[in-house]
Amino acid sequence: MTNIAYIGFGSNLGDSMAILAMTKNEIDAVEGFSLKKLSPLYRTKPIDVTDSQDDYINAVFEIETILDAEVVLQELTNIENRHGRSRCEVKNIARTLDLDLLLFGNKKMKSKTLILPHPRIYQRAFVLFPLFDLSPELEIPGQGNVQTLLDNVRDQEVEQL
């Protein structure tokens, strides 16, 4: 069985545009993934940070996959690790690459490693705008239509590139 999954991309360390291009190729190369679309790119200010950070480059990938959600998450973690992603207890630290499994079909789940849909999806303009670009009628399970959710985050600074 195939599922449509949406993957959030963020980068604010290093050459974010080059990292995006490499990440796109790496996602497309994963056995069991079929890259369908990439949203337009957005520049956004870091959210909930205590230090000075560069702006993020954000986008969303739409893939079709035969893998289950936990395996998709592991593949994304592998890609992050290859790009030097370090995980620490400091929240919202600057990073070369952040990949989040945002949606996996209509699946709702909560495990030790994965919550679907992503728990803050409805609060983040940098996620909702690219999702809207890819699928304006998209329903976020348990949260509502992406277009309606956008109305609640229009005050966040988001610049389409």
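Before reading on, note that the structure itself is shown above.
Residues numbered from 1 in each chain as written. Predicted model: local features only at pLDDT ≥ 70, side-chain atom pairs only at ≥ 80, totals over all residues. Heavy atoms only, no water.

1. What about the overall build of the protein chain?
Inclusion rule: We count a stretch as a helix when DSSP gives it H or I for four or more residues in a row; a strand needs E for two or more, and each element gets its number in order from the N terminus. Within these notes, the globule rule equals 2.2 Å times the number of residues to the 0.38 power, and the radius of gyration is based on C-alpha atoms. Partly exposed residues are those whose accessible area sits between 20% and 50% of the maximum for their type, while under 20% is buried and over 50% is exposed, using a 1.4 Å probe and protein chains only. Every residue pair with non-hydrogen atoms within 4.5 Å of one another is taken to be in contact. All accessible-area figures derive from a Shrake-Rupley calculation using a 1.4 Å probe, and residue coverage is judged against the displayed protein chains alone. By the counting scheme adopted, Arg and Lys are positive, Glu and Asp are negative, and His together with the chain ends is not counted. Just so you know, the charge point we use is NZ for Lys, CZ for Arg, CG for Asp and CD for Glu.
Secondary structure summary: the protein chain contains 4 helices and 10 strands in total. Over its C-alpha trace the protein chain gives a radius of gyration of 15 Å, about what one expects of a compact globule, namely 15 Å for 161 residues. Projected onto the principal axes, the alpha-carbon positions of the protein chain cover approximately 45 × 35 × 30 Å. Across the 161 residues in the protein chain, those meeting the buried criterion constitute 45%. Expressed as a percentage of contacts within the protein chain between residues at least 6 apart in sequence, the contacts between residues at least 24 apart total 68%. With the model as given, the accessible surface of the protein chain reaches about 8,600 Å², and the carbon-plus-sulfur share is 48%. Across the protein chain, 17 positive and 24 negative side-chain charges occur, with their mean positions spaced 4 Å apart.

2. Describing the pairing of strand β1 (residues 3-11)
Note the threshold: Paired strands are those between which DSSP finds at least two bridges.
Taking burial as the measure, the 9 residues of β1 include 8 buried ones, the bulk of the element. Inspection of the sheet shows β1 paired to strand β4 (residues 56-65) by 9 bridges, in the antiparallel sense. Bridge pairing in β4 places Ile4 opposite Glu64. Two strands pair when backbone bridges link them, and β1 and strand β5 (residues 98-104) are joined in this way by 6 bridges, in the antiparallel orientation. Looking at β5, one finds that Gly10 is bridged to Asp98.

3. Observations concerning the packing of aromatic side chains
Let me state the cut-off plainly: Each aromatic pair joins two rings of Phe, Tyr and Trp (for Trp, the six-membered one) with centres within 6.5 Å, and gets the label stacked for planes under 30 degrees apart, edge-to-face for over 60, and tilted for any other angle.
The full count for this structure, using the stated rule, is 2 aromatic pairs. Arranged with centres 6.4 Å apart and planes meeting at 90 degrees, the rings of Phe9 and Phe61 form a pair that is edge-to-face. Here Phe9, found in strand β1, pairs with Phe61, found in strand β4; they are 52 residues apart in sequence, far enough to count as distant. For the pair Phe9 and Phe61, a shared accessibility class is recorded, and that class is buried.

4. Considering helix α1 (residues 16-29)
Put simply, the rule is: Take the number of residues in a helix, subtract one, and multiply by 1.5 Å to get its expected span. What the arc describes is the spread of directions from the helix axis to the C-beta atoms.
In a regular helix each residue adds 1.5 Å, so 14 residues correspond to 20 Å; α1 covers 20 Å between its end C-alpha atoms and thus fits that length. All of the buried residues in α1 are Ser16, Ile19, Leu20, Thr23, Glu26 and Ile27. Buried residues of α1, viewed axially, fall in a sector of 130 degrees; they line one side. Seen from the buried face of α1, the exposed residues on the opposite side, beyond 90 degrees, are Asn25 and Ala29. Check the buried side of α1 and you find it contacts β1, β2 (33-38), β4, α2 (69-82) and β5.

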